[in-house]
Amino acid sequence: MTPLPKTAVIVGASRGVGNAIASLLLERGCETVFCASRDASRATGIATLKQNFGDRVVAVDIDITDDDSVAEATSAVATRTEQIDWIVNTAGLLHDGELQPERRLADIQSSNLLRLFAVNSVGPLLLARYFAPLLPRREACVVASLSARVGSIGDNRLGGWYGYRASKAAQNMLIRTLSIELRRRYKRVRCVALHPGTVETDLSAPFRGGVAEKKLFSPAMSADYLLKVLEQLNDDDTGKFFAWDGQQIPW
């Protein structure tokens, strides 16, 4: 089992699943949650957490695609604490005003692919590079990043969504590789990828029309499921990919 953290860094905490995870951790007694996002100091969702939980919430500005930004965010956290028990990344990119999932090969654009890989693949690894030195060496700790079932190579039956699938598959490989290195230094680390289910957020909004009502989760519901998964991990679970219901997903 993995104890709930005393201190946690939640990346993507301004809204959606990240905000809900931060809120649940605070409700359950986490002493300090560092809520990180691109504009955390002005994010409404983080401001609401601060109203509810006061100084236990620390806003941290971060751009996970930029080395200097991640390094500065780590330094800001390190001035407040010597140890981080959990690092959870919920930031991800599927679509925006200029980018949409590709339905066919003719839709591929190299610039969009590079953006997807920067956020979904490189970003989680940069977080680990800079924040890992704050993990405890011999106590149970968590390094987790939200992936997606569509990033599973073994589970790909429908095709399409080239950039998102590939960037999440790359993230999965990086998490798996990272777990091997981290275990050498942090004896009880649980370094995992997580599939949160289909969640009612801006990310899923254009694509959830056919999702059954029972399989469409609110951010709070998904966060609750994911925390249960993390709490139930043991030392042998590092380097694995888990769905919201605790089932292991093939890489």
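The rules behind each value
Residues numbered from 1 in each chain as written. Predicted model: local features only at pLDDT ≥ 70, side-chain atom pairs only at ≥ 80, totals over all residues. Heavy atoms only, no water. Helix = DSSP H or I, 4+ residues; strand = E, 2+ residues; numbered from the N terminus. Rg over C-alpha atoms; globule rule 2.2 N^0.38 Å. Contact = heavy atoms within 4.5 Å. Areas by Shrake-Rupley, 256 points an atom, 1.4 Å probe, with all protein chains shown as cover. Lys, Arg positive; Asp, Glu negative; His and termini not counted. Charge placed at Lys NZ, Arg CZ, Asp CG, Glu CD. 1 Å grid on protein atoms, 1.4 Å probe; cavity = no way out; pocket = protein on both sides within 12 Å on 5 of 7 lines; lining within 4 Å. Points joined across faces, edges and corners; volume = space filled by probe spheres on them. Nonpolar A, V, L, I, M, F, W, Y, C, P; charged D, E, K, R; others polar. Axes fitted to C-alpha atoms, helices over the stretch in contact; angles between N-to-C directions. Parallel < 35°, antiparallel > 145°, perpendicular 65-115°, else oblique. Left-handed = near helix turned anticlockwise from the far one by under 90°. Disulfide = S-S within 2.5 Å. Buried < 20%, exposed > 50% of the residue type's maximum accessible area, 1.4 Å probe, protein only. Phe/Tyr/Trp six-rings, centres within 6.5 Å; stacked < 30°, edge-to-face > 60°. Core = buried A, V, L, I, M, F, W, Y, C linked by side-chain atoms within 4.5 Å. Expected span 1.5 Å × (residues − 1). Arc of directions from axis to C-beta. Polar contact = N/O pair within 3.5 Å; in protein donor to acceptor, adjacent residues only side chain to side chain. Patch = residues over 30% accessible without salt bridge, like charges linked within 9 Å, V, L, I, M, F, W, Y side chains within 5 Å. Salt bridge = Lys/Arg side-chain N within 4 Å of Asp/Glu carboxyl O.

**Considering the overall build of the protein**
Here is step 1 of the chain: When helices and strands are tallied, the protein shows six helices and nine strands.
Here is step 2 of the chain: Relative to its length of 251 residues, the protein is compact, with a C-alpha radius of gyration of 17 Å against a globular reference of 18 Å.
Here is step 3 of the chain: Long-range pairs, those at least 24 residues apart, make up 70% of the contacts in the protein with a sequence separation of at least 6.
Here is step 4 of the chain: Total accessible area on the protein is roughly 12,200 Å²; 49% of this is exposed by carbon and sulfur atoms.
Here is step 5 of the chain: For the protein, the centre of its 30 positive side-chain charges and the centre of its 28 negative side-chain charges are spaced 5 Å apart.

**Side note on empty space enclosed by the protein**
Gaps between atoms show up when a probe of the same size as a water molecule is rolled over them.
Here is step 1 of the chain: Following the criterion strictly, the structure yields one cavity of 30 Å³ or more and no others.
Here is step 2 of the chain: If you add up the space inside the largest cavity, you get close to 60 Å³.
Here is step 3 of the chain: Surrounding the largest cavity, I87, N89, P124, L127, A128, V143, A144, S145, I175 and L178 form its lining.
Here is step 4 of the chain: Mapped by element, the contributors of at least two residues to the lining of the largest cavity are β4 (86-89), α4 (110-131), β5 (141-146) and α5 (162-185).
Here is step 5 of the chain: The class makeup of the residues in the lining of the largest cavity is eight nonpolar, two polar and no charged.

**Structural notes on the packing of helix α1 (residues 16-27) against helix α6 (residues 219-231)**
Here is step 1 of the chain: Contact geometry for α1 and α6: axes closest at 8 Å, N-to-C directions at 60°. Classified by the interaxial angle, the pair formed by α1 and α6 is oblique. Here α1 and α6 pass one another in a crossing that is right-handed. Contacts between α1 and α6 pair G16, V17, A20, I21, L24 and L25 from the former with P219, A220, S222, A223, D224, L226 and L227 from the latter.
Here is step 2 of the chain: Of the residues that constitute the contact of α1 with α6, the class distribution is 10 nonpolar, two polar and one charged.

**What about the state of the cysteines?**
Here is step 1 of the chain: Under the definition given, this model contains zero disulfides.
Here is step 2 of the chain: The thiol of C191 is not disulfide-bonded; the next cysteine sulfur, from C141, is found 9.4 Å away.
Here is step 3 of the chain: In this structure C191 comes out as buried when scored by relative accessible area, which is 0%.

**With respect to the side chain of R190**
Here is step 1 of the chain: Within the secondary structure layout, R190 lies in strand β6 (residues 189-195).
Here is step 2 of the chain: Look past the residues within four positions of R190 in its chain and what remains in contact with it is M1, T2, A140, C141, V142, V143, L233, N234, D235 and T238.

**Thoughts on the packing of aromatic side chains**
Here is step 1 of the chain: This model, assessed by the stated rule, comprises five aromatic pairs.
Here is step 2 of the chain: Summarising the aromatic geometry, the rings of W161 and Y164 are spaced 6.0 Å apart at their centres and angled 80° between planes, so their arrangement reads as edge-to-face.
Here is step 3 of the chain: Taking relative accessible area as the criterion, W161 reaches 23% and is therefore assigned partly exposed.
Here is step 4 of the chain: On the accessibility criterion, Y164 (7% relative accessible area) is buried.
Here is step 5 of the chain: A centroid spacing of 5.5 Å and a plane angle of 25° characterise the contact between F241 and W251, whose relative ring orientation is stacked. Placement of the pair is F241 in strand β9 (residues 241-243) and W251 in the segment after β9, with a sequence separation of 10 residues.
Here is step 6 of the chain: A relative accessible area of 0% places F241 in the buried class.
Here is step 7 of the chain: Residue classification places W251 among the partly exposed positions, given a relative accessible area of 29%.
Here is step 8 of the chain: In this structure an aromatic cluster arises from ring pairing among F217, Y225 and W244.

**Things to note about the nonpolar core**
Here is step 1 of the chain: Ranked by internal contacts, the top residues of the largest apolar core, which has 74 residues, are I10, I21, L25, I62, F131, L194 and L230.
Here is step 2 of the chain: With sequence-adjacent residues up to four places away left out, I10 is seen in contact with G18, I21, A22, L25, V33, F34, C35, A36 and V88.

**Examining helix α3 (residues 67-78)**
Here is step 1 of the chain: In a regular helix each residue adds 1.5 Å, so 12 residues correspond to 16 Å; α3 covers 16 Å between its end C-alpha atoms and thus fits that length.
Here is step 2 of the chain: Of all the positions in α3, only S69, V70, A73, T74 and V77 are classed as buried. Seen along its axis, α3 keeps its buried residues to an arc of 135°; they face one direction. Counted as exposed and oriented over 90 degrees from the buried face of α3: D68 and E72.
Here is step 3 of the chain: With a side-chain oxygen positioned 3.2 Å from the backbone nitrogen of D68, the residue opening α3 is D66.

**Thoughts on a positive patch on the surface**
Here is step 1 of the chain: On the surface, R137, R138, R185 and K187 cluster together to form a positively charged patch.
Here is step 2 of the chain: For R137, the position within the fold is in the loop between α4 and β5.

Purely geometric stuff here, so don't read any function into it on its own.
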